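# Residue-level structure breakdown
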Amino acid sequence: MRRLPPLTALEAFVQVARLGSVKAAAEELALSTPALSRRVQALERFIGRPLFDRKHQALEINAEGQRLLDDIAPALDSLALALENIQSGGNQLRLRLAVMPLFATQRLFPHLGKLRQQHPQLHIDIETTPHAVARLGEGLDAAIVLSKDIDPALYAHELDHEEVYLIGRRELLEGSQALASPTELAQQTILLHRDMAMSFDAWKEAAGLPDLQPLAIDNYDSGQLMLEAAAQGLGVAVMHASHYEQSGDPRLVRLFPIHVESPYRYFFVCRPRALQTRAVRIFRDWLVSADI
């Protein structure tokens, strides 16, 4: 059998090639940047030719490196899958997922039955913990988060791009208590989600009322509670279009239909290395294809 280079060198090469960053690859492999660079250099010495072009301390894969990546990456993926199968007994996969409660209720759970039918071996441990991104790789495999942007060192797939709605009880649109103008929001309490702190500012800018000050701002960490608070007349909720539309609550109405692009989006996020695990890949691919 022909002598092979160290598996650690091949793993380092594939990570750098896939991530396009020595720093990101080093973080994924829990190595220092110099240590990872040495592994890549060791592989290049073994092969006898460079696999990357060095440009101002950056690495850009060259034609030889791309050919090697295309040949060996599937084999390494198959090896990782074989190890997963033997560890799980070959008949069960487990994903540790964090997801925001309202997204889970409105958008995820109505479709999970189809995922189970397609992949009965996949089981999901679900948490609604805050600070999910900080726990990726430490108790969590992946998360669905609401954010303005994502750390570029992470893998992220954008799930939507929505409008900001003002949502209130029906009496604020109809009858003697109806609001005639956005300026009357100065006499209303605004309900804000802690993960969407700038959403009302975005709405005010689009409405041409950047200096509008409401009576008060109440902060929540639960979208479901915000919707209920708005329905009970405790304030006007600043949320996404889908939050309103999928609630199906006849007590609620959209106020002042002004087009406002939200600065926040839902993302599926994980550490790049997590995509090497079959459970994460299955869930990611299903989530994207299901267009949830």
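Residues numbered from 1 in each chain as written. Predicted model: local features only at pLDDT ≥ 70, side-chain atom pairs only at ≥ 80, totals over all residues. Heavy atoms only, no water.

We now examine the pattern of salt bridges. Overall, the coordinates contain 16 salt bridges when judged by the stated rule. For Arg273, the salt bridge goes to Glu11, with nearest N and O atoms at 3.1 Å. Of this pair, Arg273 sits in the loop between strand E12 (265–270) and helix H9 (278–290) while Glu11 sits in helix H1 (residues 7–19), and the two are 262 residues apart along the sequence. Since its relative accessible area comes to 24%, Glu11 is described here as partly exposed. A salt bridge links Arg94 to Asp125, with the shortest nitrogen-to-oxygen separation between them at 2.8 Å. Residue Arg94 is found in strand E3 (residues 93–99), and its partner Asp125 is found in strand E4 (residues 122–127); the two are separated by 31 residues along the sequence. Residues participating in the shared-partner salt-bridge network are Arg49, Glu64 and Arg67. (Salt bridge = Lys/Arg side-chain N within 4 Å of Asp/Glu carboxyl O. Helix = DSSP H or I, 4+ residues; strand = E, 2+ residues; numbered from the N terminus. Buried < 20%, exposed > 50% of the residue type's maximum accessible area, 1.4 Å probe, protein only.)

The calculated volume of the largest pocket comes to roughly 510 Å³. Considering the residues around the largest pocket, the lining is formed by 23 residues, among which Met100, Thr129, Pro130, His131 and Asp195 are closest to the centre. At the level of elements, E3 and strand E5 (142–147) are the ones that each hand at least two residues to the lining of the largest pocket. With four residues, the top contributor of residues to the lining of the largest pocket is E5. Looking at the lining of the largest pocket residue by residue, the classes come out as twelve nonpolar, five polar and six charged. (1 Å grid on protein atoms, 1.4 Å probe; cavity = no way out; pocket = protein on both sides within 12 Å on 5 of 7 lines; lining within 4 Å. Points joined across faces, edges and corners; volume = space filled by probe spheres on them. Nonpolar A, V, L, I, M, F, W, Y, C, P; charged D, E, K, R; others polar.)

Moving on: the nonpolar core. Nonpolar side chains in soluble globular proteins generally cluster together in the buried interior. One finds Leu108, Ile144, Phe268 and Phe283 to be the most contacted residues of the largest nonpolar core, which totals 29 residues. Listing elements by their share of this core, those giving two or more residues are E3, helix H5 (101–118), E5, E12 and H9. Sort the elements by how many residues they give to this core and H9 lands first, with six residues. For Phe283, the residues in contact, after removing those within four places along its chain, are Leu95, Leu97, Leu108, Leu115, Ile124, Ile144 and Phe268. Membership of the second largest hydrophobic core comes to 21 residues, among which are Ala12, Phe13, Leu43 and Phe52. (Core = buried A, V, L, I, M, F, W, Y, C linked by side-chain atoms within 4.5 Å. Contact = heavy atoms within 4.5 Å.)

Where nonpolar side chains cluster on the molecular surface, the patch consists of Leu7, Leu79, Leu83 and Ile86 and spans about 400 Å² of accessible area. Sorting elements by how many residues they give to the nonpolar patch places helix H4 (residues 63–88) first, with three residues. Here Leu83 is to be found in helix H4. Taking relative accessible area as the criterion, Leu83 reaches 46% and is therefore assigned partly exposed. (Patch = residues over 30% accessible without salt bridge, like charges linked within 9 Å, V, L, I, M, F, W, Y side chains within 5 Å. Areas by Shrake-Rupley, 256 points an atom, 1.4 Å probe, with all protein chains shown as cover.)

A few words now on the pairing of E12. Working note: regular strand, side chains alternate between the two faces of the sheet. Among the six residues that make up E12, six are buried, leaving the element largely enclosed by the rest of the structure. Across the two faces of E12 the burial is the same, with Arg265, Phe267 and Val269 and Tyr266, Phe268 and Cys270 all buried. Two strands pair when backbone bridges link them, and E5 and E12 are joined in this way by five bridges, in the antiparallel orientation. Among the inter-strand pairings, Val145 is bridged to a residue of E12, identified as Phe267. Bridge analysis of strand E6 (residues 155–158) against E12 gives four bridges, and the strand direction is antiparallel. Of the residues in E12, the one forming a bridge with Tyr155 is Cys270. (Pairing = 2+ DSSP bridges.)

Another point: empty space enclosed by the protein. Using a probe with the size of a water molecule, rolled over the atoms, empty space left in the structure can be pinpointed. What the rule picks out here adds up to one cavity of 30 Å³ or more. Size it by volume and the largest cavity reaches roughly 90 Å³. Lining the largest cavity are 13 residues, with Met100, Leu102, His193, Gly223 and Tyr266 positioned closest to its centre. At the level of secondary structure, the elements contributing two or more residues to the lining of the largest cavity comprise H5 and helix H7 (223–231).

What follows concerns the packing of H1 against helix H3 (residues 33–47). Here H1 crosses H3 at 105°, and the two axes come no closer than 8 Å. By the angle class used here, H1 and H3 are roughly perpendicular. Residue-level contacts link Thr8, Ala9, Leu10, Ala12, Phe13 and Val16 of H1 to Leu36, Arg39, Val40 and Leu43 of H3. Class assignment of the residues belonging to the contact of H1 with H3 gives a composition of eight nonpolar, one polar and one charged. (Axes fitted to C-alpha atoms, helices over the stretch in contact; angles between N-to-C directions. Parallel < 35°, antiparallel > 145°, perpendicular 65-115°, else oblique.)

Bear in mind that shape data such as this cannot, by itself, settle questions of function.
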